[in-house]
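If you want the building blocks of each chain, they are given just below.
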Amino acid sequence: MTPDISPTTAVSVENLTKIFKIGMTKKALVAVRDLSFKVNQGEVYGLIGPNGCGKSTTMKIMLGLVKATQGRTAIFGRNSEEVASRNNVGFLPENPYFYKHLSARETLHFYGKLCNMKGSELHDRAEAMLTLTGLTHAADRRVGGYSKGMLQRIGLAQALINEPRLLILDEPTAGVDPVGSRRIRDLILELKQRGATIVVTSHLLEQIQEVCDHVGIMSNGQMVKEGKLEDLISVGNQTEIILEDASPELLEQIRGLINKNDQQTKLVSLGKPRTTLEKLFLESTTQTGDQEPS
Amino acid sequence: MTESITTQKYKAFSVIRIWTLAANTVTQLLRMRILAFLTVFSLIAIAAGFSFPTMSPEQQLKLLKDVSFGSLQIFSIVIAIAATSILIPKDLEDRTLYTILSKPVPRYEYLIGKLLGVLLLIGGGLLIMDLILSAVIWIKQSLIITGQIAALKQEQSATPENVAAIKMIIGKYGLTWGVHAGVFAVFLKASVIAALSLLISSFASSTLFTIVVAFAFTIIGHGQQLLRDWFLHDTLSSGFGKIISGLVVIICPDLKLFDVVDKVITGEIISAVTLASMGGMATLYIVGYTATAYLFFVDKEL
Ligand SMILES: Nc1ncnc2c1ncn2[C@@H]1O[C@H](COP(=O)(O)OP(=O)(O)OP(=O)(O)O)[C@@H](O)[C@H]1O
Ligand SMILES: [Mg+2]
């Protein structure tokens, strides 16, 4: 343990470098380059960046699945190389896959037992997770026959089985339908309310924007921008007004007011706000993906 | 931090976790239909039991045991190598290892769980095969005895002494404790081979490589004694050959240790001491191989 870790740090990544040796020639591939960041307890931290920039590799090192070439990562102050550091952690890998011979319920029991859960505690928790991820209807089907989104859901359920204090989610909404991903978003916010820490990656920036407090933007294995979400995205000097049922006369008046009021204020745009594609999809589709197709 | 989220205590060694992994391995292998071998074995045993009516009774029983134990050995060795070699590469490829090892599961528990699963499966399979074999031998033996007593009666010489003599002679070649001891020895041999395959698959990069190397070692293991003698006493050759044979002697298990089938077939008694020392040797090999497998596996990149 290094002394500079405060008790409120959930994840610390210090000068992390990962070099893969690939092929017969052992050509070096630098996946992560001198990366450092901290995630405080109770925070939702979003890690974003282009494909192959090293997000998943960083997460795997945090979980001790891959060894760091240089530097170190720690979870709640414990080095990731210690098995005990994974005691209160839930991990959803990208494109998760499970034993195909097990059903969803058996899968959750399997992972629960690996977390030393048992008896009615495990049983209740597994049922709760099936409900939470909308898999109750398919709980007795073999995971081998699951669709991509369903695998993602069971992956999330398995990550949550032991009520982890830290949740590491690698593209949790990839392949999940809009209702499902909205539910994952709500879930992340709810878990945050309950005090959990969450590290999440996604290519859907809108979703990242909705849930994260802190964001780190990676590129080529390095951190290129990092900070509080508000600071990163707010356009400090603009204000948006959205009106309903406004008459043309009122709009004229507002225009007039702006022009009269102050020389510095300029009208940047005024028009009907558009609905998003996501909203449109939600309004017009009825299948939610956690029911059987009707 | 609210109190609704509890902090669990971590245990460095958990029998429950190992058992969970082992039980899962057993179901996984069962659902791969790996025990279809059992049906084949039963057919072979039954065929061997009832298809050589022209031989002498002792010969018939010997042959039944010979053929059955032969197939018992082959099946258990094939299952030991094939099942063990598949497991780790499959978990790696399917990325199920990510989710398992991201739980507080030490890598040695994962290895022990997998090996235990294979051993349970082989043990269970052999137990069933032992029952089938015992039943076939017993039926065969009863038929022979009834037949011979009937023959004696025809010759008017079915005195109690003669009947008892027949029962004793045939009984010696028939169902004895030695049969079960023989099956146990087969189990020990298969367990050692499974542990060896686990060791190979902990560093090998392909299933095929693991299977081929494990089979090679199994074959060499049966002649390990010869190799060892040559290594220890041959003073003429030197250098490279010596190093290689030395390595093989160290790594390769002496599988002849577990060959008691000849004794079983001739009805010799296998002493408890022999069984215990075989058990001890097997345990040493298994522990040694698993520990070495861990050394490779602990640093493996997933
Ligand atoms: N096991 C491995 N062996 C060799 N190279 C690897 C390995 N794992 C990852 N890499 C390489 O490391 C780099 C980073 O990969 P990583 O999976 O971390 O990217 P990512 O940021 O998660 O991308 P994506 O957005 O596509 O998920 C890539 O160039 C990848 O090819
Ligand atoms: Mg990734």
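Residues numbered from 1 in each chain as written. Chains lettered and ligands numbered in written order. Predicted model: local features only at pLDDT ≥ 70, side-chain atom pairs only at ≥ 80, totals over all residues. Heavy atoms only, no water.

A.B. asks: Even after reading the chapter, I still don't get the overall build of chain B, so can you show me in this structure?
C.D. replies: What chain B contains, in helices and strands, is 12 helices and zero strands. Expressed as lengths along the three principal axes of its C-alpha atoms, the size of chain B is roughly 95 × 65 × 35 Å. Buried positions account for 48% of the 302 residues belonging to chain B. (Helix = DSSP H or I, 4+ residues; strand = E, 2+ residues; numbered from the N terminus. Buried < 20%, exposed > 50% of the residue type's maximum accessible area, 1.4 Å probe, protein only.)

A.B. asks: Can you help me understand the coordination of the magnesium ion (ligand 2) in this one?
C.D. replies: Reference geometry at the metal: tetrahedral coordination by four donors gives ideal angles of 109.5 degrees; octahedral coordination by six donors gives 90 or 180 degrees. Residues and elements named next belong to chain A. Only Ser56 (OG) and Glu94 (OE) from the protein reach the magnesium ion (ligand 2) as donors, at distances of 1.9 to 2.6 Å. Residue Ser56 is located in helix α1 (residues 55–62), and its partner Glu94 is located in the loop between β6 (89–92) and α2 (104–114); the two are separated by 38 residues in the primary sequence. For Ser56, a relative accessible area of 12% translates into the label buried. (Donors = N, O, S within 2.8 Å, 3.2 Å for Na, K, Ca; no water.)

A.B. asks: Help me understand the site of ligand 1, please; the structure alone is not making it clear to me.
C.D. replies: All names here are of chain A. Around ligand 1 sit 14 residues in total, of which Asn51, Gly52, Lys55, Ser56 and Thr57 are the nearest. In this structure, Asn51 approaches ligand 1 through a side-chain N or O atom, which is 2.9 Å from an oxygen atom. The side chain of Lys55 places a nitrogen or oxygen atom 2.8 Å from an oxygen atom of ligand 1. Taking 640 Å² as the accessible area of ligand 1 by itself, protein coverage stands at 69%. Of all the secondary-structure elements, those providing two or more residues to the shell around ligand 1 are β1 (9–22), β2 (27–40) and α1. Top contributing element to the shell around ligand 1 by residue count: α1, with three residues. When its residues are assigned to classes, the shell around ligand 1 shows five nonpolar, six polar and three charged. (Near = heavy atom within 4 Å. Polar contact = N/O pair within 3.5 Å; in protein donor to acceptor, adjacent residues only side chain to side chain. Areas by Shrake-Rupley, 256 points an atom, 1.4 Å probe, with all protein chains shown as cover. Nonpolar A, V, L, I, M, F, W, Y, C, P; charged D, E, K, R; others polar.)

A.B. asks: I tried to follow the packing of helix α2 (residues 36–50) of chain B against helix α3 (residues 57–93) of chain B on my own but got confused; where do I start?
C.D. replies: Geometry of a packed helix pair, given as the angle between the helix axes and the separation of the axes. Residue and element names in this part refer to chain B. Here α2 crosses α3 at 165 degrees, and the two axes come no closer than 8 Å. By the angle between their axes, α2 is roughly antiparallel relative to α3. As α2 packs across α3, the resulting crossing turns out to be right-handed. Note on element contacts: α3 touches α2 through Leu64, Val67, Ser68, Ser71, Leu72, Phe75, Val78 and Ile79, opposite Phe37, Val40, Phe41, Ile44, Ala45, Ala48 and Gly49. Grouping the amino acids of the contact of α2 with α3 by side-chain chemistry returns 12 nonpolar, three polar and no charged. (Axes fitted to C-alpha atoms, helices over the stretch in contact; angles between N-to-C directions. Parallel < 35°, antiparallel > 145°, perpendicular 65-115°, else oblique. Left-handed = near helix turned anticlockwise from the far one by under 90°. Contact = heavy atoms within 4.5 Å.)

A.B. asks: Can you help me understand the interface of chain A and chain B in this one?
C.D. replies: The extent of an interface is frequently quoted as the accessible surface area lost upon association of the parts. With 44 residues of chain A at the interface, the matching set in chain B holds 41 residues. Summing both partners gives a buried area of about 3800 Å² for chain A against chain B, and 53% of it is carried by carbon and sulfur. Among the residues chain A hides against chain B, the three largest losses belong to A:Leu65, A:Tyr99 and A:Leu114. Together they make up 18% of the total. The tally of links from chain A across to chain B stands at two salt bridges. A salt bridge links A:Lys18 to B:Glu301; the nearest nitrogen and oxygen atoms lie 2.8 Å apart. At the boundary of chain A with chain B, the tally comes to 14 residue pairs in polar contact (both at pLDDT 80 or more). Among the elements that take part in the side of chain A that touches chain B, α2(A) stands out by supplying five residues, more than any other. Per-class residue counts for the side of chain A that touches chain B are 21 nonpolar, 10 polar and 13 charged. (Buried area = accessible area lost by both parts, 1.4 Å probe. Salt bridge = Lys/Arg side-chain N within 4 Å of Asp/Glu carboxyl O.)

A.B. asks: When you look at the pattern of salt bridges in this model, what are you seeing that I'm missing?
C.D. replies: Residues and elements named next belong to chain A. Tallied over the entire structure, the rule returns 18 salt bridges over all chains. For Arg72, the salt bridge identified is with Glu14, shortest N-O distance 3.8 Å. Note that Arg72 is positioned in strand β4 (residues 70–75) and Glu14 in strand β1, a separation of 58 residues in sequence. Pair check on accessibility: Arg72 and Glu14 agree, each one buried.

A.B. asks: Explanation requested: the side chain of A:Ser181 in the structure shown.
C.D. replies: All names here are of chain A. Considering the arrangement of structural elements, one finds Ser181 in helix α5 (residues 178–193). For Ser181, a relative accessible area of 7% gives the class buried. A distance of 3.4 Å separates polar atoms of two side chains, one belonging to Ser181 and the other to Gln207. Once residues within four sequence positions are removed from consideration, Ser181 is found in contact with Thr173, Val176 and Gln207.

A.B. asks: What should I look at first to understand a nonpolar patch on the surface in this one?
C.D. replies: Residues and elements named next belong to chain B. There is a patch of nonpolar side chains on the surface, built from Ile46, Phe50, Trp138, Ile139 and Leu143 and spanning about 510 Å² of accessible area. Here the nonpolar patch gets three residues from one element, more than from any other, and that element is helix α5 (residues 107–154). Within the fold, Trp138 resides in helix α5. Residue classification places Trp138 among the exposed residues on the basis of a relative accessible area of 53%. (Patch = residues over 30% accessible without salt bridge, like charges linked within 9 Å, V, L, I, M, F, W, Y side chains within 5 Å.)

A.B. asks: Looking at this structure, how should I read the sheet that holds β2(A)?
C.D. replies: Sheet strands pair via backbone hydrogen bonds, and the direction of the pair is either parallel or antiparallel. Residue and element names in this part refer to chain A. Here four strands make up an open sheet; going across it, the order is β2-β1-β4-β5 and the pairing antiparallel. Two strands lie at the open edges of the sheet, namely β2 and β5 (78–79), each paired on one side alone. As defined by bridge partners, β4 adjoins β5 across two bridges and the pair is classed as antiparallel. When the sheet's bridge partners are listed, Ile75 is paired in β5 with Arg78. Here α1 sits on the sheet and contacts β1, β2 and β4; the angle it forms with β1, its principal contact strand, is near 115 degrees. (Pairing = 2+ DSSP bridges.)

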